[in-house]
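Residue-level structural notes
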Amino acid sequence: PKVRRYEHIVKAGGHLDCFKHVVLVSLLQLLTQDPEPVVYIDAHAGEGIYDLASSDALGQRIRSCSDGVLLLAGAEAGPA
């Protein structure tokens, strides 16, 4: 079987990516209720900003952002 390389631009903004961020924000909110300092290091951070309308994100790839962040925002997938 062919092993596919993971490319976050394809998954960025998808429903699982949105879920991950909701869980992360919830955990950080819970941890920061205590006055003790918290150190958070994201060892697997990607580029940080993704153009979901770019040819890399749209092209022939699966537009997972259309069932995630764009759905949450009430927008349609695709270039403006």
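These numbers were taken from a predicted model, which means no experiment stands behind them.

On to the overall build of the protein, then. For the protein, the helix and strand inventory stands at three helices and zero strands. N-terminal to C-terminal, the α/β element order of the protein is α-α-α. Taking all 80 residues of the protein together, the buried fraction comes to 19%. Considering only contacts in the protein between residues 6 or more positions apart, those separated by 24 or more positions represent 61%.

Next up on the list: a nonpolar patch on the surface. On the surface, Phe 19, Val 23, Leu 27 and Leu 30 cluster together into a nonpolar patch covering about 390 Å² of accessible area. Mapping Leu 30 onto the fold places it in helix α2 (residues 15–31). Among the residues examined, Leu 30 registers a relative accessible area of 55% and is labelled exposed.

A separate point is the pattern of salt bridges. Throughout the structure, instances matching the rule amount to one salt bridge. Among the ionic pairs, Lys 20 bridges to Asp 17, the shortest N-O distance being 3.0 Å. Of this pair, Lys 20 and Asp 17 both sit in helix α2, three residues apart, which is roughly one turn of the helix.

Rules of the game
Residues numbered from 1 in each chain as written. Predicted model: local features only at pLDDT ≥ 70, side-chain atom pairs only at ≥ 80, totals over all residues. Heavy atoms only, no water. Helix = DSSP H or I, 4+ residues; strand = E, 2+ residues; numbered from the N terminus. Buried < 20%, exposed > 50% of the residue type's maximum accessible area, 1.4 Å probe, protein only. Contact = heavy atoms within 4.5 Å. Patch = residues over 30% accessible without salt bridge, like charges linked within 9 Å, V, L, I, M, F, W, Y side chains within 5 Å. Areas by Shrake-Rupley, 256 points an atom, 1.4 Å probe, with all protein chains shown as cover. Salt bridge = Lys/Arg side-chain N within 4 Å of Asp/Glu carboxyl O.

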